[in-house]
Amino acid sequence: MYSAQKISEIINATLTGDPNHEAQHLLIDSRQLTEPSRTVFVAITTDRNDGHQYIFGLCQKGVKIFVVNHIPENCIGLKDNICFLVVSDTLQALQILAAYHRSQFSIPVIGITGSNGKTIVKEWLYQLLKSEYNIARSPKSYNSQIGVPLSVWQLNNKSTLGIFEAGISEPGEMKLLKNIIQPTIGVFTSLGSAHDEGFLNASQKLREKLSLFEESETLVVNALSFKEEHLELLRSHVFLISRSPNATLEIKKIENLFTHSHIVANFQSGEISIDIPFTDLASVENAITCWGVLLHLGIPAGEIASRMRLLQSVAMRLELKLGNNNCVLINDFYNSDINALEIALHHQKQQNRGGKKVVILSDIEQSGKLSWELYESVANLIRQFNIDVFVGIGKEISSQKNLFGTGAYFFENTMDFVDSAKSNTHLQFQNAIILLKGARSFGFEAISKLLQQKSHDTVLEINLNRLIHNLNFYKSQVSKNTKIMCMVKATGYGSGSAEIAFTLQHHHADYLAVAYADEGVELRKAGIHLPIMVMSPEESSYDDMIEYRLEPEVYSLKIAQEFLQALHTKALTQPYPVHIKLDTGMHRLGFESEQLTELCQLLKKDHLLKVSSIFSHLVASDDPAFDNFTQAQIKTFEEMSSFIEQEIGHEALKHICNSGAITRFKHAHYNMVRLGIGMYGVGFNEIEKNSLENISSLKTRISQIKHLSAGDTVGYSRKGIAEKEMRIATIPIGYADGFSRKLGNGKYSVFINRKPCKTIGNICMDMCMVDVTNVECHEGDEVIVYDSTQQLMDLSTAMETIPYEVLTGISSRVKRVYVQE
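Residues numbered from 1 in each chain as written. Predicted model: local features only at pLDDT ≥ 70, side-chain atom pairs only at ≥ 80, totals over all residues. Heavy atoms only, no water.

Novice: Please clarify how the packing of helix α21 (residues 557–569) against helix α22 (residues 596–605) should be interpreted in this entry.
Specialist: Think of two packed helices as two axes; the pair is described by the angle between the axes and how far apart they sit. The contact between α21 and α22 brings their axes to 11 Å, and the two run at 10°. Between α21 and α22, the angle is such that the two are roughly parallel. For the pair formed by α21 and α22, the contact residues are Leu557, Ala560, Gln561 and Leu564 on the first element and Glu598, Leu599 and Leu602 on the second. By residue class, the composition of the contact of α21 with α22 is five nonpolar, one polar and one charged. (Axes fitted to C-alpha atoms, helices over the stretch in contact; angles between N-to-C directions. Helix = DSSP H or I, 4+ residues; strand = E, 2+ residues; numbered from the N terminus. Parallel < 35°, antiparallel > 145°, perpendicular 65-115°, else oblique. Contact = heavy atoms within 4.5 Å. Nonpolar A, V, L, I, M, F, W, Y, C, P; charged D, E, K, R; others polar.)

In structure tokens, the structure reads:
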């Protein structure tokens, strides 16, 4: 615990308010608040956001200490009860505070950097060392100028080892991180091309990364990827891993044995070996790095070999699936420790739809803490996050059941829970968001199978991190004062409207837009509170729109009059927000210039309609061939919107830029832009193509493999003909899933084990067949229909359509799975 007075002295701040408040937790994200009375909030200012705007809300929630560069005007009256620590640079203050905190601990600290593998090496070192150390480590991939201070802050008086990763993208950054981490043992994982653009050459990047270890006692370097000139940059007395006979750990042989890898090396004049349950090159190199660290720590070679055989893959993402009885399931059952639990609880909080929150947790294995101490921390987290139902599975957690209150159930093993859930109504959850968090050995797959909706093997996987990346890219293209309206119509362009909307809401989108009122009603019922525009309002839906506070697009006098009548019928007295649609050249919907006078007369006569925004649609903003027409549309829009604003006597939000226009027509951003297909990863110009990430992957699995003789035919109408002996695979995706009949007879290739496999024969309703003659594969193997933007574009070309139609045409029976790394 640090008092406000002590923090002020550490960061050299001007203190205003009560200096006696104390804090234990550092917070930079207001959405992640758990213990207000024990938290200091650092208001970080970035290009996209300003933490100062969240201070008043945090004050109301009970936070007492704030590190700021100014006191917000709406908080000046709170100074007597709140403590403000005013500094010139809040990020620098965060780093100074974390560096001071690190200096209070005289324990070994491992600092990890490199181009690739930092997070995996950190997590594997945790797995390999947690039986003998109480380890504080970076959560997730917290390795930035902000992430490192938050990581180091986790050190406490029970920590016996720290493991922290550091990442940089330009010169000068690493020295700041070195002062915070203060590593006693350095680990360099690899030298690759990541972030090359920030440095003159690879040698400059290596020097910058190595500066993290200038004062480290030891440096373990995996130099398998080094060139000769890079080795010359290493200091003396390095624990060197390479194929050179002069290396400390000389790698002699790496054998890929299909299910595992066997690695042989020379160490201290003797031959040693390990086996790891991985075969990919990245895992092999990461395991070798860990091998070197454990040898340096003096752990016997035989003991290391035993531990290496038990290495588990690092779950880098959460899965979100639809469950039975209107539940949502968060699968995170491949790792289990107290830090990972808190991260998962934050994700559950983000996705909460207003129903019950359920956590199913297994024993936490080898935490380094006493049992009662560990599960007391778990129980505290369960209370802090207001979990309604808690289920503990395992002998250890069951032995500490007295630490948990009412609404908690305990079982000694997974199958006991599964059997009980089939008959115990208290465990047959409805309208709940359920977090599954368990160690791999507990086999929580059985619980997931019990609770999730049944569906076939074809899935559409949506990566929410990539959605966030794309949103942030477009945020970087507009000014701070320009709002972003996100299109989630057509079930979020096929990706799932509620799940997409929750993520957008959590990451501060300003507006959502749907096509029809029922889409907006579903979002409101799910717990979305952002303003929602309905682009195709229908008279039959006006009552629902008013009840759920949905804002109509008004594109004609008829719509305006009908909606106004609906407001009067409801006896509303407060102005209701509407959005005026102008036709500037699309000739689809919207007011034309000669209709504006009559519209404005109506708006001035009856003030129940409040113009929230004025907007129009660009016809071809992504096509340079029509730029003159686009500019003419923009000019027309400015004239028409100015006329309306003058007539009604107030300014409104104005938006005409869609995804394709945001990067090309920045003068037309006004105070809002609309983000559609670009948010889902489809770009049309070079800036977008180089910056956006495809968010969805359509996958299935091989149902059956058949061997055909020359002359055999495949599928309906005998359209597929085997010209020679061949192998075909039947996969469970057909035109009822959105896989068009146009893709048959070799018009498209899916990917199996990274190799293209052409369709053969006609596409059936529920399945199709592909040629796997030259592919090593088995029944049950994964099939990629598309996994990248280019593959999505190829698929749309083969279907003779556009990506919009491909995405929105993926049928509802294809299960949506959401992942967040």
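After that view of the structure, there is still more to cover.
Novice: Help me understand the sheet that holds strand β11 (residues 185–188), please; the structure alone is not making it clear to me.
Specialist: Where strands meet in a sheet, backbone hydrogen bonds hold them as pairs that are either parallel or antiparallel. Reading across from one edge, β9-β10-β8-β11-β12-β13-β14-β15-β16 is the order of the nine strands in this open sheet, with mixed pairing throughout. At either end of the open sheet lies a strand with only one pairing partner, and these are β9 (135–137) and β16 (270–276). Geometrically, the sheet is characterised by an average inter-axis angle of 20° between neighbouring strands, direction not taken into account. With four bridges joining them, strand β8 (residues 109–113) and β11 adopt parallel strand pairing. Each bridged residue has a counterpart across the sheet, and for Ile112 the counterpart in β11 is Val187. (Pairing = 2+ DSSP bridges.)

Novice: Would you mind going over the nonpolar core with me for this structure?
Specialist: Soluble, globular proteins show a tendency: their nonpolar side chains are buried together. By size, the foremost hydrophobic cluster in this structure holds 139 residues, and its most contacted members are Val378, Leu504, Leu512, Ile580 and Phe739. When residues in this core are grouped by element, the largest group, seven residues, is from α21. Excluding its chain neighbours within four sequence positions, the residues that come into contact with Leu512 are Met485, Cys486, Val488, Ala501, Leu504, Leu523, Ile528, Leu530, Pro531, Ile532 and Met533. (Core = buried A, V, L, I, M, F, W, Y, C linked by side-chain atoms within 4.5 Å. Buried < 20%, exposed > 50% of the residue type's maximum accessible area, 1.4 Å probe, protein only.)

Novice: Looking at this structure, I do not really get the environment of Ala305. What am I missing?
Specialist: With respect to the helices, strands and loops of the structure, Ala305 is situated in helix α10 (residues 301–308). A residue is classified by how much of its surface remains accessible, and Ala305, at 11% relative accessible area, is buried. Those residues in contact with Ala305 that sit more than four places away from it in its chain are Ser273 and Ile274.

Novice: Would you take a moment to explain the sheet that holds strand β28 (residues 576–582) for this structure?
Specialist: Reading across from one edge, β30-β29-β28-β27-β26-β25-β24-β31 is the order of the eight strands in this open sheet, with parallel pairing throughout. Looking at strand neighbours, the two that pair on one side only are β30 (653–655) and β31 (672–675), the edges of this open sheet. Adjacent strand axes in the sheet meet at a mean angle of 30° when their direction is disregarded. Pairing analysis gives three bridges linking strand β25 (residues 511–514) to strand β26 (residues 532–534), with the strands arranged parallel. The partner of Leu512 across the bridge, within β26, is Ile532. Strand contacts of helix α16 (residues 464–477): β24 (483–487) and β31, with the helix running at about 145° to β24, the strand carrying the most contacts.

Novice: How should I be thinking about the packing of aromatic side chains in this particular structure?
Specialist: What describes a pair of aromatic rings is the distance from one ring centre to the other and the angle between the planes of the rings. Summed over the entire model, instances satisfying the criterion amount to 16 aromatic pairs. With centroids separated by 5.6 Å and ring planes inclined at 75°, the aromatic side chains of Phe411 and Phe417 adopt a geometry described as edge-to-face. With 6.3 Å between their ring centres and 70° between their planes, Phe739 and Tyr748 make a pair best called edge-to-face. Through successive ring pairs, a cluster of aromatic residues spans Tyr2, Tyr100 and Trp153. (Phe/Tyr/Trp six-rings, centres within 6.5 Å; stacked < 30°, edge-to-face > 60°.)

Novice: Any chance you could explain a nonpolar patch on the surface here in plain terms?
Specialist: A contiguous nonpolar surface patch, about 270 Å² in accessible area, is contributed by Val619, Phe626 and Phe629. Within the element layout of this structure, Val619 appears in the loop between β29 (609–616) and α23 (627–648). (Patch = residues over 30% accessible without salt bridge, like charges linked within 9 Å, V, L, I, M, F, W, Y side chains within 5 Å. Areas by Shrake-Rupley, 256 points an atom, 1.4 Å probe, with all protein chains shown as cover. Salt bridge = Lys/Arg side-chain N within 4 Å of Asp/Glu carboxyl O.)

Novice: Explain the state of the cysteines to me, please; I cannot follow it from the model alone.
Specialist: Working definition of a disulfide: a covalent bond connecting the sulfur atoms of two cysteines. For the coordinates displayed, the defined rule picks out zero disulfides. With no disulfide of its own, Cys59 has Cys75 as its nearest cysteine by sulfur position, at a separation of 4.7 Å. Cys83 carries a free sulfur, and the closest cysteine sulfur to it, the one in Cys59, is 11 Å from it. Take Cys83: its relative accessible area is 0%, and that puts it in the buried class. (Disulfide = S-S within 2.5 Å.)

Novice: Hey, could you run me through the pattern of salt bridges in this one?
Specialist: Between side chains of opposite charge, pairing is possible as soon as their charged atoms come close. For the structure shown, the criterion picks out 26 salt bridges. A salt bridge links Lys437 to Asp332, with the nearest nitrogen and oxygen atoms 2.5 Å apart. One end of the pair, Lys437, is in strand β22 (residues 432–437); the other, Asp332, is in the loop between β18 (328–331) and α11 (338–351), and 105 residues separate them in sequence. Between Glu800 and Lys742 there is a salt bridge whose closest N-O contact spans 3.8 Å.

Novice: Sorry if this is basic, but what is going on with the side chain of Asn222 here?
Specialist: With respect to the helices and strands, the residue Asn222 is situated in strand β12 (residues 218–222). Residue class for Asn222 comes out buried when judged on its relative accessible area of 1%. Engagement of the side chain of Asn222 in a polar contact is seen with the backbone nitrogen of Leu224, the distance being 3.1 Å. Looking at Asn222, its side chain comes within polar contact range of the main-chain oxygen of Glu285, at 3.1 Å. Residues within four places of Asn222 in sequence aside, it is in contact with Phe188, Thr189, Ser190, Ile241, Glu285, Ile288 and Thr289. (Polar contact = N/O pair within 3.5 Å; in protein donor to acceptor, adjacent residues only side chain to side chain.)

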